[in-house]
Amino acid sequence: MNAVPEAVDLTPGALRLRWADGIAELSAARLRAACRCGGCRARAGRGEPAAAPADLVDAVPVGSYAINLVFSDGHDRGIYPWDWLHELSAAAVQD
Ligand SMILES: [Zn+2]
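Residues numbered from 1 in each chain as written. Predicted model: local features only at pLDDT ≥ 70, side-chain atom pairs only at ≥ 80, totals over all residues. Heavy atoms only, no water.

> Help me understand the coordination of the zinc ion in this model?
The reference angle at a metal is 109.5 degrees if four donors form a tetrahedron and 90 or 180 degrees if six donors form an octahedron. Coordination of the zinc ion by the protein is provided by C35 (SG), C37 (SG), C40 (SG) and H75 (NE2), with metal-donor distances spanning 2.1 to 2.3 Å. Of note is the zinc ion, whose 4 donor atoms meet at the metal with angles of 102 to 114 degrees in an arrangement that counts as tetrahedral. Donor residues for the zinc ion sit on one chain with the sequence pattern C-x1-C-x2-C-x34-H. Taken as a pair, C35 and C37 share a single burial class, namely buried. (Donors = N, O, S within 2.8 Å, 3.2 Å for Na, K, Ca; no water. Tetrahedral: all angles 85-135°; square planar, octahedral: opposite > 155°, others 65-115°. Buried < 20%, exposed > 50% of the residue type's maximum accessible area, 1.4 Å probe, protein only.)

Right under this line is the structure:
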């Protein structure tokens, strides 16, 4: 499935996404911890603790398939494909 949200609403504390199958709110802390950029994956691979929670500052579209989230701690390497955010949304709804 090629998931693309119908609406995206960014606040410092969360990313709110409206999908065809529901609305989900993903917290900034959760998104920051879930970052899969090279640096964060390397950190996790070394067994280092996840990054400290940070607020969301900006969300920049990456083509039509993803957004690049910028956090208040200066971290701006995370690319979040819509498909993946849709999966995280489904998990969030079940929490
Ligand atoms: Zn990262």
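Moving on from the model shown.
> I keep staring at the sheet that holds strand β2 (residues 14-19) and nothing clicks. Help me out?
Paired through their backbone hydrogen bonds, the strands of a sheet run either parallel or antiparallel. Strand order in the open sheet formed by 3 strands is β1-β2-β3, with antiparallel pairing between adjacent strands. Here the strands that pair on one side only, and so sit at the sheet edges, are β1 (7-10) and β3 (22-27). In this sheet, neighbouring strand axes are inclined to one another by 15 degrees on average, regardless of whether the strands run parallel or antiparallel. Bridge count between β2 and β3: 6 bridges; the pairing is antiparallel. Bridge pairing in β3 links R16 to E25. (Pairing = 2+ DSSP bridges. Helix = DSSP H or I, 4+ residues; strand = E, 2+ residues; numbered from the N terminus. Axes fitted to C-alpha atoms, helices over the stretch in contact; angles between N-to-C directions.)

> Looking at this structure, I do not really get the packing of aromatic side chains. What am I missing?
Here a ring pair, both rings aromatic, is described through the centre-centre distance and the interplanar angle of the planes. Taken as a whole and judged by the stated rule, the model has 2 aromatic pairs. Aromatic pair W19 and W82: ring centres 6.4 Å apart, planes at 80 degrees, arrangement edge-to-face. Of this pair, W19 sits in strand β2 while W82 sits in helix α3 (residues 82-94), and the two are 63 residues apart along the sequence. Lying over the aromatic face of F71, R32 brings its terminal NZ or CZ to 5.6 Å of the ring centre. Over the ring of W84 we find R36; its NZ or CZ atom is 3.7 Å from the centre of that ring. (Phe/Tyr/Trp six-rings, centres within 6.5 Å; stacked < 30°, edge-to-face > 60°. Lys NZ or Arg CZ within 6 Å of the ring centre and 35° of its normal.)

> Explain the sheet that holds strand β5 (residues 66-71) to me, please; I cannot follow it from the model alone.
The strand order across the open sheet formed by 3 strands is β4-β5-β6, and the pairing between neighbours is antiparallel. A single partner strand is all that each edge strand has here, and the edge strands are β4 (56-62) and β6 (78-81). In this sheet, adjacent strand axes meet at a mean angle of 30 degrees when their direction is disregarded.

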